[in-house]
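Descriptive analysis of the structure
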Amino acid sequence: MTGSSPTPPRPKLTRPTQRRRAGQPLMPWPLIGLLFVIYLGMGLLLSLPLPPYWVWIPASLGSLFLIVGLNRPASAAAKRFDPVGLLTYLGGLLLVIALAVGANYIGGESLDGVSFNVAVVGLVGFTLLAVLLTAAAAIIGALIGDQLMQSMDYGRRLSIIVSICIFGLGLGALIGFSTLVVSAT
């Protein structure tokens with residue numbers, strides 16, 4: 001006979017295998033956690049040294065503008081001139097200004113007994129801290145948006161990133177203000 005031979009039966013697997021659906025990347029949880037920690041630190045920086053309350057307006061607007069500017073729809077990014085992309089720069093500027101003002105309230109209310117050189121070094125150091133925090137938030141936020149773009153639509157992606165940032169800022173503020181209240185009593 002010239003027929004084909006029967007195929008032998010396959011052995012059964014002893015443990016169940018878990019598969020994820022193709023085309024569905026996982027949520028970037030480490031990056032989401034890092035972005036949350038960055039914004040938590042920003043909230044602490046804006047509440048713990050007790051800067052003026054108006055600092056929260058540019059910080060909140062700057063965070064929102066930065067997120068919307070960095071995470072715009074793919075169709076808008078392909079345009080030669082995209083005015084929404086300018087929100088990135090405005091948001092970064094507002095966030096750096098708010099963080100620099102908040103950071104410069106660290107260390108007391110009076111400069112009595114502090115030399116000029118120490119004051120300048122402190123001012124430059126705290127301003128660099130504000131720039132670094134804003135840059136880290138922008139880079140991590142853009143990475144998260146890029147990874148989420150593969151699996152989510154624009155509205156859902158934007159709402160996830162905005163929620164992370166606002167919740168981080170709010171929790172940092174709550175911790176900072178409650179620390180001030182507890183230490184005052």
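Further up the page is the structure itself.
Residues numbered from 1 in each chain as written. Predicted model: local features only at pLDDT ≥ 70, side-chain atom pairs only at ≥ 80, totals over all residues. Heavy atoms only, no water.

**Considerations on unusual backbone geometry**
The line we're drawing: For every residue, the accessible area obtained with a 1.4 Å probe (protein chains only) is divided by the maximum for its type, and the residue is called buried under 20%, exposed over 50%, and partly exposed between those limits.
The backbone of leucine 50 sits at a positive phi, close to 60°, despite the residue not being glycine. For leucine 50, a relative accessible area of 44% corresponds to the partly exposed category.

**Digging into the packing of aromatic side chains**
Rule in force here: For this analysis, a ring pair means two rings from Phe, Tyr or Trp (six-membered ring only for Trp) whose centres lie within 6.5 Å, classed as stacked if their planes differ by under 30 degrees, edge-to-face if by over 60, and tilted for the remaining angles. Where helices and strands are cited, they refer to DSSP runs of H or I of at least four residues and of E of at least two residues respectively, numbered from the N terminus.
Overall, the coordinates contain three aromatic pairs when judged by the stated rule. With a centroid separation of 6.2 Å and an interplanar angle of 45°, the aromatic rings of tyrosine 53 and phenylalanine 177 are classed as tilted. Of the two residues, tyrosine 53 is situated in the loop between helix H1 (29-47) and helix H2 (56-70) and phenylalanine 177 in helix H6 (residues 154-184); the sequence distance between them amounts to 124 residues. Centre to centre, the rings of tryptophan 56 and phenylalanine 177 are 6.4 Å apart; their planes meet at 50°, and the pair counts as tilted. Of the two residues, tryptophan 56 is situated in helix H2 and phenylalanine 177 in helix H6; the sequence distance between them amounts to 121 residues. Grouped by ring-pair contacts, the aromatic residues Tyr53, Trp56 and Phe177 constitute a single cluster.

**What to know about helix H5 (residues 116-149)**
To be explicit about the condition: To estimate how far a helix should reach, multiply one less than its number of residues by 1.5 Å. The contact criterion used throughout is that any non-hydrogen atoms of two residues lie within 4.5 Å.
For H5, built from 34 residues, the straight-helix expectation of 50 Å at 1.5 Å per residue is met to within 8% by its first-to-last C-alpha distance of 49 Å. Those residues of H5 lying buried are Ala130, Leu133, Thr134, Ala137, Ala138, Ile140, Gly141, Ile144, Gly145 and Leu148. In this structure, the buried residues of H5 make contact with H1, H2, helix H4 (86-103) and H6.

**Some words on the environment of isoleucine 67**
Looking at the secondary structure, you find isoleucine 67 in helix H2. Overall, the relative accessible area of 4% leaves isoleucine 67 in the buried class. Once the C-alpha coordinates of isoleucine 67 and threonine 88 are considered, the two residues, 21 residues apart in sequence, prove to be 7.3 Å apart.

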